[in-house]
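Chain by chain, the residues:
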Amino acid sequence: MAAHGLPPSLSRLLFAVKYGSLQSRCCALHSKAQYSTVHNPGEKTFDKILIANRGEIACRVIKTCKKMGIQTVAVHSDVDSSAVHAKMADEAVCVGPAPTSKSYLNMDAIMDAIRATGAQAVHPGYGFLSENKEFAKRLAAEGVAFIGPDTHAIQAMGDKIESKLIAKAAKVNTIPGFDGYPVMIKASAGGGGKGMRISWNDEETREGFRFSSQEAASSFGDDRLLIEKYIDNPRHIEIQVLADKHGNALWLNERECSIQRRNQKVVEEAPSTFLDPETRRLMGEQAVQLAKAVQYSSAGTVEFLVDSKKNFYFLEMNTRLQVEHPITECITGLDLVEQMIRVAKGYQLHHKQEDIPINGWAIESRVYDPYKSFGLPSIGRLSQYQEPLNLSNVRVDSGIQEGSDISIYYDPMISKLVTYGATRAEALAKMEDALDNYVIRGVTHNIPLLREIITHPRFISGDISTNFLPEVYPDGFKGHQLEADKRRELLASAAALYITAQLRRQHLCVELGDGRHAMEVTKSGDVFTVEVDGGTVEVSGQWNLASPLLPLTINGSHRMLQVTTHTHTHVAAGQEICVIEAMKMQNSLTAVKQAKVKSVHCKPGETVGEGDLLVELE
């Protein structure tokens, strides 16, 4: 949307009008799974809240604030000045240049923004300053509410050694010490897999201690380590808690987070297929015991490791809103951001433990740029972006739109794709459809891996652990391997699409991977009959050549294809054109301006030399 010459406030208003229906659709799921929409206008909270974050979580908080009639202030770096969260908010303040240390972690600049806008409270989202006790102290000193727990709880639970001692005193199951191998060495102040090693013998322990302490010192400024018994092949199951300032605390059921890569969650679901009602109750009660032990007040998450015999052990407590909170909202009907705002204002919880239901099943897939998640340089512009919100019971939490730039400075998450169903099978089927209908062009993404996970027989049966990905893909995910019938379907679809587009030539040769396939295509009405690889395939559908999505009926079965045409391909400024590997490092080459691809002079896996012509643009 062009808004040249318009004042920022009017530009934001036009943006809100344009995307208002979209934002409400993101929240509207099944009647039993939508956010709680009943808001008491007589229950006054805050007039204005500043969101000290960016991207999808900032947009998520803004949506609830709008529902509650609260004015919002976004902060942004200079490269995020046109970001969705900056336009959604009522006001937006630049807090520094792109690097996070100079913007989203710049406490002085954020405090200045709070004073300049008159914000009465701050929601930190997750990451950045969300678990920074010094930030919470500075807010309290100026009479600004921190929408989260107090500094005591942040400090107590942020230190892995102290939190384990508190948990043990609160009669929460803790991982046994270091009596025999294997053991886990982890940074006391750490998170996200940094400063973490598994040791199986004395030599590995000595080496792990040295490397972990160095990583801990460089990442967190604290080289203290915790050594505890390693639970082999566990499940990672967490309990959502919610507590107020009046001593009331609830557990809002569990989330299964066992599908991980390098200790980073990939797919989550609620509830877990593994827990029985009694184990769920015991875990929930222990999570509440821990929350009460540190006078916790806000939404928080207590993480557990669970072994094959359903023994569970405290892992850590996250004193903030969790990334995967949407799936809890789906099965309970509670808006966790609204509850955090109410608690921060001093209100008591509306609900009792017996009021908390498990209605249906919800699954979340984290859609991200895999190159950035591996620490490789990857930037680009979303040349085409279409969320699958045409489907029912689908929620997409994102902070991007078509044309958005994906910056090298921030995390690789593109969005959180959430589906809901009355049963797990229904939620999984909906997720499969949603992934098939999700169009992302211009940047790399992990949708093929997500689809492979949720359709894998082990995942469908619930036979999962934190070792799922390395066990199922020991050599890494290489993409979906087509069976003969699926290969014929794809070839036939390509042929039918080509004939529709060209209206000529019915004897074709189609390339798929490294293979060339001769075929004969005949058309009768809306049905194409394709003879290929010794088989016959019938293809029919609505051939909308302008759409990136192509719903087809192939031999009587429904299929959703995504179409990318390479004839006269256009690239946007900043879009990735090719990736060169040198010295085991991958380097992304991008277009400096919008152009048309004239020709490609290289092939995947080919060795190229300095000065070689790779791609020709015009």
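Residues numbered from 1 in each chain as written. Predicted model: local features only at pLDDT ≥ 70, side-chain atom pairs only at ≥ 80, totals over all residues. Heavy atoms only, no water.

Peer 1: So, the confidence of the model for the protein chain: which residues are in play, and what are the values?
Peer 2: Summing up the model confidence of the protein chain, the mean pLDDT is 87 and the portion of residues at 70 or higher is 88%. Below a pLDDT of 50 lies the segment residues 1-6, which in the model reaches six contacts outside its immediate sequence neighbourhood of four places, other chains included. Predicted confidence for residues 16-35 stays below pLDDT 50, and this span has 39 contacts to residues more than four positions away or in other chains. (pLDDT = per-residue confidence, 0-100. Contact = heavy atoms within 4.5 Å.)

Peer 1: Which residues make up a nonpolar patch on the surface, and what are the values?
Peer 2: A surface patch of nonpolar side chains, amounting to about 290 Å² of accessible area, comprises Val79, Ile408 and Tyr409. For tyrosine 409, the position within the fold is in the loop between strand 18 (405-406) and strand 19 (413-421). Among the residues examined, tyrosine 409 registers a relative accessible area of 42% and is labelled partly exposed. (Patch = residues over 30% accessible without salt bridge, like charges linked within 9 Å, V, L, I, M, F, W, Y side chains within 5 Å. Areas by Shrake-Rupley, 256 points an atom, 1.4 Å probe, with all protein chains shown as cover. Salt bridge = Lys/Arg side-chain N within 4 Å of Asp/Glu carboxyl O. Helix = DSSP H or I, 4+ residues; strand = E, 2+ residues; numbered from the N terminus. Buried < 20%, exposed > 50% of the residue type's maximum accessible area, 1.4 Å probe, protein only.)

Peer 1: An account of the sheet that holds strand 6 (residues 183-187) is requested, with residue identities and associated values reported.
Peer 2: Judged by pairing direction, the sheet is antiparallel, and its three strands sit side by side in the order 7-6-8 without closing on themselves. Edge strands, defined here as strands with exactly one partner in the open sheet, are strand 7 (196-199) and strand 8 (225-229). Neighbour to neighbour, the strand axes of the sheet diverge by 20° on average, direction disregarded. Sheet topology places strand 6 next to strand 8; five bridges connect them, and they run antiparallel. Of the residues in strand 8, the one forming a bridge with methionine 184 is glutamate 228. (Pairing = 2+ DSSP bridges. Axes fitted to C-alpha atoms, helices over the stretch in contact; angles between N-to-C directions.)

Peer 1: Pulling in residues and values, what's your account of the pattern of salt bridges?
Peer 2: Throughout the structure, instances matching the rule amount to 44 salt bridges. When the shortest N-O distance is used, the salt bridge between arginine 60 and glutamate 329 registers 2.7 Å. Here glutamate 329 lies in helix 10 (residues 325-332) and arginine 60 lies in helix 2 (residues 55-67), a separation of 269 residues in the sequence. Each member of the pair, arginine 60 as well as glutamate 329, carries the same accessibility label: buried. Among the ionic pairs, arginine 224 bridges to aspartate 159, the shortest N-O distance being 2.4 Å.

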